Amino acid sequence: MSLFLFLILVAVVLGIIGVAAHGLFYLLVIGVVVLVADLVYGGMRLRQGGRKQRTAR
């Protein structure tokens, strides 16, 4: 869960810097890509959350 929140924070910071700084539009694009990848990762974790794997003894 902390990785998910950290990646959201990184995406937001990159997006703000990309918008605020002149000529750094590519940081906004990288921030959007990180955000989309993070949402996919979070969706996969959420989907697998109900299934716990048990170890065989």
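Remember, predicted model here, so these are calculated numbers, not experimental data.

With that settled, consider helix H2 (residues 25-48). In a regular helix each residue adds 1.5 Å, so 24 residues correspond to 34 Å; H2 covers 35 Å between its end C-alpha atoms and thus fits that length. Every buried residue of H2 is accounted for by Leu27, Gly31 and Asp38. Turning to H2, the residues buried within the fold contact helix H1 (2-20).

Once that is clear, we can look at the packing of H1 against H2. Contact geometry of H1 with H2 gives a least axis separation of 7 Å together with a crossing angle of 160°. Accordingly, the angle class assigned to the pair H1 and H2 is roughly antiparallel. Here the hand of the crossing between H1 and H2 comes out left-handed. Of H2, the residues touching H1 (which contributes Leu3, Phe4, Leu7, Ile8, Ala11, Leu14, Gly15, Ile17, Gly18 and Val19) are Phe25, Leu27, Leu28, Ile30, Gly31, Val34, Leu35, Asp38, Leu39, Tyr41 and Gly42. For the contact of H1 with H2, the class distribution of residues is 16 nonpolar, four polar and one charged.

Reading guide: rules and limits
Residues numbered from 1 in each chain as written. Predicted model: local features only at pLDDT ≥ 70, side-chain atom pairs only at ≥ 80, totals over all residues. Heavy atoms only, no water. Helix = DSSP H or I, 4+ residues; strand = E, 2+ residues; numbered from the N terminus. Expected span 1.5 Å × (residues − 1). Buried < 20%, exposed > 50% of the residue type's maximum accessible area, 1.4 Å probe, protein only. Contact = heavy atoms within 4.5 Å. Axes fitted to C-alpha atoms, helices over the stretch in contact; angles between N-to-C directions. Parallel < 35°, antiparallel > 145°, perpendicular 65-115°, else oblique. Left-handed = near helix turned anticlockwise from the far one by under 90°. Nonpolar A, V, L, I, M, F, W, Y, C, P; charged D, E, K, R; others polar.

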